[in-house]
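The lines below spell out each chain.
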Amino acid sequence: QVGLVESGGGLVQPGGSLRLSCAASGFTFSRSGMSWYRQAPGKERELVAAISSVDGSTNYRDSVKGRFTISRDNTKNMVYLQMNSLKPEDTAVYYCKAVRLTPAAVYWGQGTQVTVSS
């Protein structure tokens, strides 16, 4: 059974750090592109960061460049999002997403809440 389970969210003060984790199961993780999205109240879900299954290359939305780092561990079927220098505008539910190429499939986790507030 396919599953993506996020963890690591919580309440943090501005300038603080959090590390999100996503545990994958039930599909070939090493051959799947992985990404983190977020959705704030009243806003659309947006891509935060992505990491390739082919060469490990990464890309980030402009607002998090230099503050967030996405990484993956194919031996543990895990993907991570290290978030530093957090800002109130980073407050959102963060989702893990997997994209499998063959056969094509997209999987989402249930999300983890991140709240940045003093």
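Definitions and cut-offs
- Residues numbered from 1 in each chain as written.
- Predicted model: local features only at pLDDT ≥ 70, side-chain atom pairs only at ≥ 80, totals over all residues.
- Heavy atoms only, no water.
- Helix = DSSP H or I, 4+ residues; strand = E, 2+ residues; numbered from the N terminus.
- Buried < 20%, exposed > 50% of the residue type's maximum accessible area, 1.4 Å probe, protein only.
- Salt bridge = Lys/Arg side-chain N within 4 Å of Asp/Glu carboxyl O.
- Pairing = 2+ DSSP bridges.
- Axes fitted to C-alpha atoms, helices over the stretch in contact; angles between N-to-C directions.

Student: How should I be thinking about the environment of Lys43 in this particular structure?
Tutor: Examined against the element boundaries, Lys43 turns out to sit in the loop between strand S4 (32-39) and strand S5 (46-51). Take Lys43: its relative accessible area is 58%, and that puts it in the exposed class. Along the primary structure Lys43 and Ala92 are separated by 49 residues, whereas in three dimensions their C-alpha atoms are 9.5 Å apart.

Student: Could you clarify how one ought to interpret the pattern of salt bridges in this entry?
Tutor: Pairs can form between side chains of opposite charge whenever their charged atoms are close. Taken as a whole and assessed by the stated rule, the structure comprises 5 salt bridges. Among the ionic pairs, Glu46 bridges to Arg61, the shortest N-O distance being 3.4 Å. Highlighted residues: Glu46 in strand S5 and Arg61 in the loop between strand S6 (58-60) and strand S7 (68-73), separated in sequence by 15 residues. Here Asp62 and Lys65 are joined by a salt bridge, their closest N and O atoms 3.0 Å apart.

Student: What exactly am I supposed to notice about the sheet that holds strand S3 (residues 18-25) here?
Tutor: Within a beta sheet, neighbouring strands are joined by backbone hydrogen bonds and run either parallel or antiparallel to one another. The 4 strands are arranged S1-S3-S8-S7 in an open sheet whose pairing can be described as antiparallel. Since the sheet does not close on itself, it has two edges, and those belong to strand S1 (3-7) and S7, each with one partner. Each strand of the sheet is rotated relative to its neighbour by a mean of 15 degrees, with strand direction disregarded. Inspection of the sheet shows S3 paired to strand S8 (residues 78-83) by 6 bridges, in the antiparallel sense. From the neighbouring strand, Leu18 faces S8, where its bridge partner is Met83.

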